[in-house]
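What follows is the residue order along each chain.
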Amino acid sequence: MYSAQVSHIAKSFGKTQAVADVSFAVERGEIFGLLGPNGSGKTTTLRVMLDVFKPERGTVSILGGPMSEEKKERIGYMPEERGLYQDMPLERCLVYLATLKGVPAGEARGHLAGYLERFDLAAHKGKKVKELSKGMQQKAQIINTILHRPELVVIDEPFTALDPINTQLVKDLMKELRDQGATIIMSTHQMRQVEELCDRILLIDDGRDVLYGHLGEIRRQYSGHAVLVRLAGELPTVAGVEQVLPHNNAAKLMLAEGTTPQDVLRALMAQDVILEKFEIAVPTLDEIFIRVVEEGDA
Amino acid sequence: MWKLWYVARHEYARNVFKKSFILALLSVPLLIGVNIGLIAFMVSLDNNNAPVGYVDHAGLLSDPIPAPVAPSEGAIQFIPFQTEDEARDALEAKSLQAYYIVSPDYFETSRIDLLYLKEPGENATQQFYDFIQINVLADQPPEIALRAAEGSNVTVRAPDGSREFSGAPTLGAILPVLLSVAFIFLLLMSSGYLMQAVVDEKENRTMEVLITSLSASRLISGKVLGIVAIGLTQLVAWILVGALAVFIGGEVFGIEWFQNPGLDWGPILTVVAIAIPSYVLACGLMVAVGSTVGQAQEGQQIGALFFMLFMIPLYAIMVIGETPNATPSVVLTLLPFTSLMTVGFRSLFSVVPLWQVAASVAIQTACAAGALWLAGRAFRLGMLRYGQRLRFSEIFARARATTTGRSLS
């Protein structure tokens with residue numbers, strides 16, 4: 001069962017092609033990561049998905065069909081351009097925006113009290129939004145996104161301006177929402193958070209989907225190009241190894257095209273070394289990201 | 001549907017409970033009140049109800065007949081003196097504000113001398129003039145003397161016979177003008193609020209959150225509804241203040257002008273009929289402007305241009321007054337922006353033909369529909385242009401793209 005299905009969408013602004021061809025599906029109850037370099041089309045993809053922009057090509061199905069007024073109440077969206085009424089007291093601002101999501105004001109006020117407490121903003125609820133720090137405004141924005149208990153949460157760069165404590169708070173909240181059955185689509189540059197939170201990812205580059213799937217599978221797919229080796233003695237020269245890099249207490253052997261980890265292991269054993277560690281190096285998401293984008297540029 | 005009400009309520013509350021709104025609400029009646037008060041004060045400075053003396057050497061006032069005086073004015077006492085010395089003593093003792101000496105050869109020369117220490121009130125000189133006039137005519141039958149003292153009863157009539165009023169224009173006759181001016185103020189104020197409401201959403205970056213909560217049409221409808229409610233609040237407040245002023249003026253101060261307003265509903269309804277589409281036209285254009293500009297200041301500058309368009313008839317008031325049914329007046333009646341005030345002015349001098357009213361309402365309505373279309377497009381295209389302008393050519397370029405079959409964002 002999918003919360004969102006995007007199929008071959010395209011969107012341009014004048015002569016600029018923001019999204020050329022992007023397809024993905026987000027399963028219900030997962031945290032989905034939308035990645036890509038700056039200007040790759042992530043935000044436009046989200047906006048098309050949420051019916052802010054109409055696509056020139058392709059189709060979008062959200063919560064089982066096209067977007068509707070009723071569905072808007074089941075979606076929480078935190079856009080890249082953060083927005084709250086700067087001249088309004090925090091509580092009034094959040095309650096008003098929640099009422100537009102179909103929550104009665106009294107109920108919204110009740111939900112809000114708990115979130116303000118949790119995010120350490122209770123003492124600031126009467127202050128105007130503009131009087132809050134950037135981090136506090138970011139937290140308020142996150143509360144605004146989830147206050148109406150949405151089924152689908154779409155967040156563009158959720159960790160911007162947050163300190164490590166609040167980052168952890170938001171991560172815990174996202175996991176909690178997922179455990180309660182909500183689907184989360186998160187667009188971010190912060191690969192560590194993606195690795196920690198996301199089940200599946202989509203990497204967009206130049207308006208096209210270039211990498212899509214389960215995080216574990218993707219990492220496996222991009223592993224095999226390096227091995228981690230620790231020996232009792234000196235590392236001998238091994239055929240098919242292009243580069244040797246220090247890696248914690250071991251060495252990371254970068255393999256040449258056509259060389260497999262088995263070839264390296266065989267070569268080492270043939271030289272009668274005492275092997276303490278031999279491990280296929282799983283690339284970080286950062287490394288995969290850079291590699292895919294560089295390959296695309298090439 | 002209720003989201004629309006929430007937006008309307010939000011717009012209403014965030015504007016109406018501001019000090020600036022309350023100031024704006026009170027400023028117009030306050031300004032009018034202060035002006036009227038100042039005029040009344042200046043007039044009262046020119047008036048003096050102290051007794052006036054006279055020495056009659058001509059025998060004109062030996063058996064004086066009092067002249068009729070308006071109840072609101074207050075009759076001044078005229079005291080006869082046998083000699084000029086007695087009159088001078090009374091003046092110096094400050095029991096008189098002035099005294100007149102009717103010269104012995106008055107019937108030949110009309111000479112009357114006025115003596116005073118401080119210039120007497122205008123009401124005193126006017127009443128003494130009437131007093132003399134009625135007494136000069138004393139040997140005439142009383143009704144002729146009174147008619148002569150009251151002056152002529154002039155009826156002002158339009159050359160085509162479409163409009164007439166007696167004496168000075170009644171409150172009812174100038175009401176369409178006042179109403180059209182009030183509507184223009186209201187319309188400019190409301191459309192300004194509306195433009196500000198759109199610009200504020202852009203400046204606060206709340207647009208994206210809003211349009212993923214409700215449709216753009218409901219958002220704009222809610223805003224328009226809220227702003228219309230603000231306008232109605234202003235209008236009702238002004239009408240109440242106006243009605244109160246008429247009541248106080250008529251019942252408390254006995255001002256005749258307020259006692260018999262002589263309401264004529266035809267011109268009033270004509271102004272209202274044109275005001276409604278004009279209001280929608282202005283609101284639509286202001287939403288379009290608010291959507292295209294990057295900052296509030298820019299929008300205010302464009303708003304000032306609209307204000308000038310609405311004010312064009314003010315510069316043509318002489319032409320409209322002299323030839324209310326000539327081509328320039330008809331053209332200004334039919335044109336958007338200028339029609340409201342032109343119809344108000346024309347109603348003062350003539351009856352605007354029904355076909356012109358109907359044509360004007362039709363043109364205004366068509367323009368209002370166009371403005372709403374433009375507003376919708378501009379809003380859709382410009383809502384996420386934070387800090388950037390949307391060129392009008394882009395709106396039309398995209399509209400052309402639609403008509404030629406290309407897809408539209």
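Caption draft 1: Local environment of the interface of chain B and chain A. Residue-level contacts link 27 residues of chain B with 30 residues of chain A. The contact between chain B and chain A buries some 2,600 Å² in all, and 56% of this surface belongs to carbon and sulfur atoms. Contact with chain A buries surface across chain B, with Glu208, Val209 and Thr212 of chain B losing the most and accounting together for 22% of the total. Counting the contacts that link chain B with chain A gives four salt bridges. Among the salt bridges present, the one from Lys3 of chain B reaches Glu73 of chain A, with a minimum N-O distance of 3.3 Å.

Caption draft 2: Broad picture of empty space enclosed by the protein. Taken as a whole and assessed by the stated rule, the structure comprises three cavities of 30 Å³ or more. If you add up the space inside the largest cavity, you get close to 60 Å³. Taken together, Gly76, Tyr77, Leu97, Lys101, Asn144, Thr145 and His148 of chain A together with Val209, Thr212 and Ser213 of chain B form the lining of the largest cavity. Contributions of two or more residues to the lining of the largest cavity are made by strand 5 (75–78) and helix 5 (134–146) of chain A. Split by residue class, the lining of the largest cavity holds three nonpolar, six polar and one charged. Looking at the second largest cavity, its volume works out to about 50 Å³.

Caption draft 3: Quick peek at the packing of aromatic side chains. Residues and elements named next belong to chain B. Scanning all chains against the criterion turns up 14 aromatic pairs over all chains. Aromatic side chains Phe21 and Tyr193 sit 6.2 Å apart centroid to centroid with 50° between the ring planes, which places their arrangement in the tilted category. Here the residue Phe21 occupies a position in helix 2 (residues 19–46), and Tyr193 occupies one in helix 7 (residues 171–203), the gap between them amounting to 172 residues. On the basis of relative accessible area, Phe21 is assigned to the buried category, the value being 1%. Residue Tyr193 is classed as buried on the basis of its relative accessible area, which comes to 17%.

Caption draft 4: Looking closely at the confidence of the model for chain B. The predicted model of chain B averages 83 in pLDDT, with 91% of residues at 70 or higher. Taken together, the stretch residues 401–409 of chain B has pLDDT below 50 and engages in eleven contacts with residues farther than four places along the chain or on a different chain.

Caption draft 5: Fine view of the pairing of strand 11 (residues 241–247) of chain A. Residues and elements named next belong to chain A. By the bridge criterion, six bridges tie strand 11 to strand 12 (residues 250–255) in an arrangement that is antiparallel. Looking across to strand 12, one finds that Leu245 is bridged to Lys252. Counting the residues between successive antiparallel strands, the hairpin from strand 11 to strand 12 contains two residues, one of them, Asn248, with a positive phi of roughly 50°.

Caption draft 6: Fine view of the domain arrangement of chain A. Taken domain by domain, chain A comprises domain 1 (2–219) and domain 2 (224–281). For domain 1 of chain A and domain 2 of chain A, the distance between their C-alpha centres works out to 43 Å.

Each value, and the rule that gives it
- Within any chain, residue numbers begin from 1 and follow the written order of that chain's sequence.
- Here every chain gets a letter starting at A, and every ligand a number starting at 1, in the order they are written.
- For this predicted model, a pLDDT threshold of at least 70 governs which residues receive local features, and a threshold of 80 or more governs which side-chain atom pairs are given and counted, while totals over whole chains, interfaces and linings are taken from all residues.
- Water and hydrogen atoms play no part in the side-chain values, which are based on all heavy atoms of the structure.
- Contacts are assigned to residue pairs with any non-hydrogen atoms lying within 4.5 Å of each other.
- What gets called buried area is simply the loss in accessible area from a 1.4 Å probe that two parts show on being joined, summed for both.
- The term salt bridge refers to a side-chain nitrogen of Lys or Arg lying within 4 Å of a carboxyl oxygen of Asp or Glu.
- With a 1 Å grid laid over protein atoms only, a set of points is called a cavity when a 1.4 Å probe fits there but cannot get out and a pocket when it is open yet has protein on both sides within 12 Å along at least five of seven lines; lining residues have an atom within 4 Å of a point.
- Grid points are joined across faces, edges and corners, and a volume is the space filled by probe spheres set on the points.
- Put simply, DSSP H or I for four residues or longer makes a helix, DSSP E for two residues or longer makes a strand, and each gets a number counted from the N terminus.
- Just so you know the grouping, Ala, Val, Leu, Ile, Met, Phe, Trp, Tyr, Cys and Pro go in nonpolar, Asp, Glu, Lys and Arg go in charged, and all remaining residues, Gly too, go in polar.
- Working definition: a ring pair exists when centres of Phe, Tyr or Trp rings (six-membered ring for Trp) sit within 6.5 Å. Plane angles under 30 degrees give stacked, over 60 give edge-to-face, the rest tilted.
- With a 1.4 Å probe rolled over the protein chains alone, any residue whose accessible area is under 20% of its type maximum counts as buried; one over 50% counts as exposed, and the rest are partly exposed.
- pLDDT runs from 0 to 100 and stands for how confident the predictor is about each residue.
- Between any two strands, pairing holds if DSSP finds at least two bridges.
- Each domain's extent was defined by an automatic or database domain assignment.

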